[in-house]
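Summary of structural features
In case you want the letters, here they are:
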Amino acid sequence: MKKAIPGGVMMMAAFLAMSGGEKADYPIQPVPFTAVAVDDVFWAPKIETNRAVTIPFALKMNEETGRVNNFRKAAGLMKGAFEGRRFNDSDVFKVMEGAAYTLMLKPDPKLEETLDGLIAVIGKAQEPDGYLFTNRTIDPKHPAPGSGPERWSNLRVSHEFYNVGHMYEAAVAHFQATGKRAFLDIALKNADLLVATFGPGKRRAFPGHQEIEIGLSKLFRATGNRAYLDLAKFFLDERGHYFQGERHASDDPFAVYDSDEYMQNHKPVLEQDEAVGHAVRAMYMYAGMADVAALGGYPEYVRAIDRLWDNVAGKKLYLTGGVGARSGSEAFGDAYELPNQSAYTETCAAIGNALWQQRLFLLHGEAKYVDVLERVMYNGLISGVGLDGMSFFYQNPLEADGKSKLYQGQVGRSPWFEVSCCPPNITRFLPSVPGYIYAVKDETLYVNLFIAGSGTVEIAGTKVAVSQQTKYPWEGTVKITLGPENPADFVLRVRIPDWARNEPVPTDLYRFLAANDEKPSMAVNGAPVRIDLDRGYAVLRRTWKKGDTIVLGLPMPVRRVVAHPAVAADTGRVAFQRGPLVYCAEAVDNGGRALDLRIADAAVFAAEFRPDLLNGVVVLRGVSGGRNITLIPYYAWANRGPGEMRVWFPRPASELLTT
Ligand SMILES: [Zn+2]
């Protein structure tokens with residue numbers, strides 16, 4: 001299972017060495033997904049479906065919807081007007097990023113050729129000075145609605161920076177995957193134009209939709225050119241100083257997209273302490289703030305995102321890990337405003353949340369961020385793609401009536417969307433999943449996620465093979481095997497998930513109805529050891545030698561969850577969780593209905609693995625009010641046609657056992 005490091009990564013190392021100098025970075029470093037091979041019942045099939053089905057499908061949809069043709073038109077290779085929305089370039093870049101990641105997992109000359117072809121067209125679509133925004137280049141006098149009459153004249157709305165931010169990420173990924181510089185050179189030429197145009201003493205501006213901050217941070221990491229990081233910081237610092245006020249007439253179609261709060265421009269970023277506005281923008285901004293803080297050494301940004309985390313995890317997080325309660329504005333609601341059927345919880349916001357949680361962990365080394373990361377990965381993020389790999393959710397509600405259409409979609413999953421940010425985002429997230437499992441700091445190896453497979457890490461100068469055998473999330477036994485090339489002293493920190501410590505979340509937003517008395521167990525080379533918890537980790541320090549094993553036992557009874565009393569939508573209701581998975585009832589398993597289900601506290605639910613169902617899932621079965629009830633993992637809903645679905649079940653008031 002050992003994997004060679006792709007040539008691109010080696011070239012990157014050489015490239016970095018040329019740029020010289022010691023650079024600041026996150027105090028904890030993730031073990032990259034290229035160093036970890038996943039061989040796992042849960043994620044491996046999803047990553048493979050993404051490679052074999054979703055990426056080819058998304059490439060095809062980018063062609064069929066004119067997204068790629070827009071580049072051909074801008075390049076002068078094709079006649080015609082811009083098709084679609086002003087942000088459509090970004091969908092092409094995101095799928096290219098996902099494709100580049102899959103090339104790192106598995107060589108695919110045909111896919112590499114497809115990318116080379118796209119890159120050639122993108123290069124021709126780029127204007128001589130580096131500007132790249134197809135809809136303006138195709139017809140500068142008539143750009144798509146919202147783009148503004150001139151370059152960068154309507155940055156609050158235009159997505160000019162959002163698009164190229166995604167290009168920077170894709171270009172770095174492609175360079176890492178292939179060692180080819182063509183795409184990276186296009187990205188750097190564009191970034192150099194922005195560096196020359198924007199900044200202190202130059203033009204002042206900030207993007208309405210954040211993302212470029214993450215992209216610029218990646219360009220800085222790839223090249224060592226500090227100007228890219230400084231520009232990312234500049235864009236963050238520009239927020240919260242120029243207010244839109246009431247400029248827009250009520251008949252302005254873009255008014256809803258242009259309020260200060262909507263784009264996190266209501267206060268300087270360092271003063272923000274409540275998550276407001278468009279959820280995807282907020283998540284990307286917080287992740288960008290973490291990058292700028294870590295790479296540039298600015299602890300004040302960390303203090304700001306720590307406060308924002310307290311607010312999100314304490315008051316605005318769905319049980320599925322989703323964020324963004326309000327439809328229409330795609331935005332955070334007020335504290336505890338967490339409606340179920342109208343929950344917006346965009347797939348992109350879930351991915352942004354995962355990116356942010358991982359960065360917070362890399363800054364602080366606390367398991368609570370990985371607890372939230374795991375919750376979102378196993379529930380409200382992966383729900384965004386169907387088991388077939390080619391049907392998607394933009395919204396991920398916690399309740400459905402089986403009749404109402406979702407925004408720009410169908411009653412159930414949709415094959416694509418007019419505003420199709422989410423499917424391409426899935427294509428780039430899934431191949432990177434193995435990169436969330438392990439992390440290293442000095443003499444410490446962190447085991448954050450329980451995913452079977454093997455990898456190689458370097459701890460204090462020693463190469464250590466590490467592997468996991470587990471059927472997680474279906475079973476709670478995890479066997480970790482270590483293989484240092486020579487016996488080595490280091491610290492192993494194994495995350496004990498919040499749910500195994502009787503806390504569904506690291507705040508008081510949710511709690512288990514009853515405590516579970518079965519404690520997690522741990523054994524080293526067969527001998528039980530006491531679990532000493534530190535910041536959510538079991539800490540094991542010793543001289544490790546080849547073949548040492550650690551067996552973690554995480555009891556996985558069926559748990560009932562209740563929400564903070566201030567969450568009106570969940571008052572008098574209960575949800576079900578087993579291991580990291582949140583469960584739901586679908587009509588198809590429950591006699592054609594789910595919204596009429598009430599579940600008494602006394603009803604006992606048993607877990608049962610069903611290999612034939614939904615690619616193999618553990619279902620929960622019980623009886624309440626004389627009805628047989630079957631619950632399935634939330635992420636797997638809506639794979640068998642539309643119908644009612646519910647996560648939070650009313651508890652018959654006369655049958656409460658506890659409060
Ligand atoms: Zn999206």
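Computed from a predicted model, the values in this text were never measured in an experiment.

Take the pattern of salt bridges next. Summed over the entire model, instances satisfying the criterion amount to 43 salt bridges. One salt bridge in this structure joins Glu418 and Arg85, with 2.9 Å as the shortest N-O distance. Of this pair, Glu418 sits in the loop between strand S3 (399-401) and helix H16 (422-429) while Arg85 sits in the loop between helix H3 (67-74) and helix H4 (88-105); the two residues are 333 residues apart in sequence, bridging distant segments of the chain. Overall, the relative accessible area of 27% leaves Arg85 in the partly exposed class. One salt bridge connects Asp596 with Arg627, and the closest N-O pair in it is separated by 2.9 Å. Remark: Arg627 occurs in strand S21 (residues 627-633) and Asp596 occurs in the loop between strand S18 (581-586) and strand S19 (606-610); sequence separation between them is 31 residues. What makes Asp596 partly exposed here is its relative accessible area of 33%.

Turning our eyes to something else, we now look at the coordination of the zinc ion. Coordination sphere of the zinc ion, protein contribution only: Glu346 (OE), Cys348 (SG), Cys421 (SG) and Cys422 (SG), at 2.1 to 2.3 Å. In this structure, the zinc ion is surrounded by 4 donor atoms whose angles at the metal cover 93 to 121 degrees, and the resulting shape is tetrahedral. Mapped onto the polypeptide sequence, the residues donating to the zinc ion form the spacing pattern E-x1-C-x72-C-C. Taking the relative accessible area as the measure of exposure, Cys421 reaches 9% and is therefore buried.

Working note: a packed helix pair is described by the angle between its axes plus the distance between those axes. In the contact formed by helix H14 (residues 347-364) and helix H15 (residues 367-381), the axes pass within 8 Å of each other and the chain directions differ by 160 degrees. In terms of orientation, H14 lies roughly antiparallel with respect to H15. The handedness of the crossing between H14 and H15 is left-handed. Mapping the contact onto sequence places Thr347, Ala350, Ile351, Asn353, Ala354, Gln357, Gln358, Leu360, Phe361 and His364 in H14 and Tyr369, Val370, Val372, Leu373, Val376, Gly380 and Leu381 in H15. Across the contact of H14 with H15, the residue classes break down as 11 nonpolar, 6 polar and no charged.

Moving on, we come to empty space enclosed by the protein. Taken as a whole, this structure holds 6 cavities of 30 Å³ or more when the rule is applied. Every residue along the wall of the largest cavity is listed here: Trp499, Ala500, Asn516, Glu518, Pro555, Met556, Pro557, Arg559 and Gly579. Of the residues belonging to the lining of the largest cavity, the class tally is 5 nonpolar, 2 polar and 2 charged. In this structure, the second largest cavity occupies an estimated 50 Å³ of space. In terms of lining, the second largest cavity is formed by Tyr131, Leu132, Phe133, Trp152, Glu160, Phe161, Val164, Asn190, Leu193 and Leu194. Where the lining of the second largest cavity is concerned, the elements lending two or more residues are helix H8 (160-178) and helix H9 (182-197). Looking at side-chain class alone, the lining of the second largest cavity contains 8 nonpolar, 1 polar and 1 charged residues.

In this section: the sheet that holds strand S11 (residues 521-524). Strands sit in the order S2-S6-S7-S8-S15-S11-S12 across an open sheet of 7 strands; the sheet is antiparallel. In this open sheet, the two strands that pair with only one neighbour each are strand S2 (36-38) and strand S12 (527-529). Taking each pair of neighbouring strands and ignoring which way they run, the sheet shows an average axis angle of 25 degrees. Where S2 lies against strand S6 (residues 453-459), 3 bridges are found, and the strand directions are antiparallel. Residue pairing in the sheet places Ala37 in a bridge with Ser454 of S6.

In this section: the layout of surface pockets. Unoccupied space between atoms shows up once a probe the size of one water molecule is rolled over them. What the second largest pocket holds in volume is close to 460 Å³. Surrounding the second largest pocket, 27 residues form its lining, Phe87, Tyr257, Glu330, Tyr394 and Val419 being those nearest its centre. Considering only residue class, the lining of the second largest pocket consists of 13 nonpolar, 8 polar and 6 charged.

Attention now goes to the pairing of strand S8 (residues 477-484). Strand direction decides the pairing type here: strand S7 (residues 462-470) and S8, joined by 7 bridges, are antiparallel. The residue of S8 that forms the bridge with Val464 is Pro484. Hairpin remark: S7 followed by S8, antiparallel, with 6 residues in the connecting loop. Relative to strand S15 (residues 548-553), S8 runs antiparallel, the two being bridged by 6 bridges. Across the sheet, residue Thr477 finds its bridge partner in S15, namely Gly553.

What follows covers helix H10 (residues 212-223). Taking 1.5 Å per residue, 12 residues should reach 16 Å; H10 reaches 16 Å between its end C-alpha atoms and fits that length. Within H10, 11 of the 12 residues are buried, leaving the element largely enclosed by the surrounding structure. Inspection of H10 places Ile212, Glu213, Ile214, Gly215, Leu216, Ser217, Lys218, Leu219, Phe220, Ala222 and Thr223 among the buried residues, and these make up the whole buried set.

Basis of the calculations
Residues numbered from 1 in each chain as written. Predicted model: local features only at pLDDT ≥ 70, side-chain atom pairs only at ≥ 80, totals over all residues. Heavy atoms only, no water. Salt bridge = Lys/Arg side-chain N within 4 Å of Asp/Glu carboxyl O. Helix = DSSP H or I, 4+ residues; strand = E, 2+ residues; numbered from the N terminus. Buried < 20%, exposed > 50% of the residue type's maximum accessible area, 1.4 Å probe, protein only. Donors = N, O, S within 2.8 Å, 3.2 Å for Na, K, Ca; no water. Tetrahedral: all angles 85-135°; square planar, octahedral: opposite > 155°, others 65-115°. Axes fitted to C-alpha atoms, helices over the stretch in contact; angles between N-to-C directions. Parallel < 35°, antiparallel > 145°, perpendicular 65-115°, else oblique. Left-handed = near helix turned anticlockwise from the far one by under 90°. Contact = heavy atoms within 4.5 Å. Nonpolar A, V, L, I, M, F, W, Y, C, P; charged D, E, K, R; others polar. 1 Å grid on protein atoms, 1.4 Å probe; cavity = no way out; pocket = protein on both sides within 12 Å on 5 of 7 lines; lining within 4 Å. Points joined across faces, edges and corners; volume = space filled by probe spheres on them. Pairing = 2+ DSSP bridges. Expected span 1.5 Å × (residues − 1).

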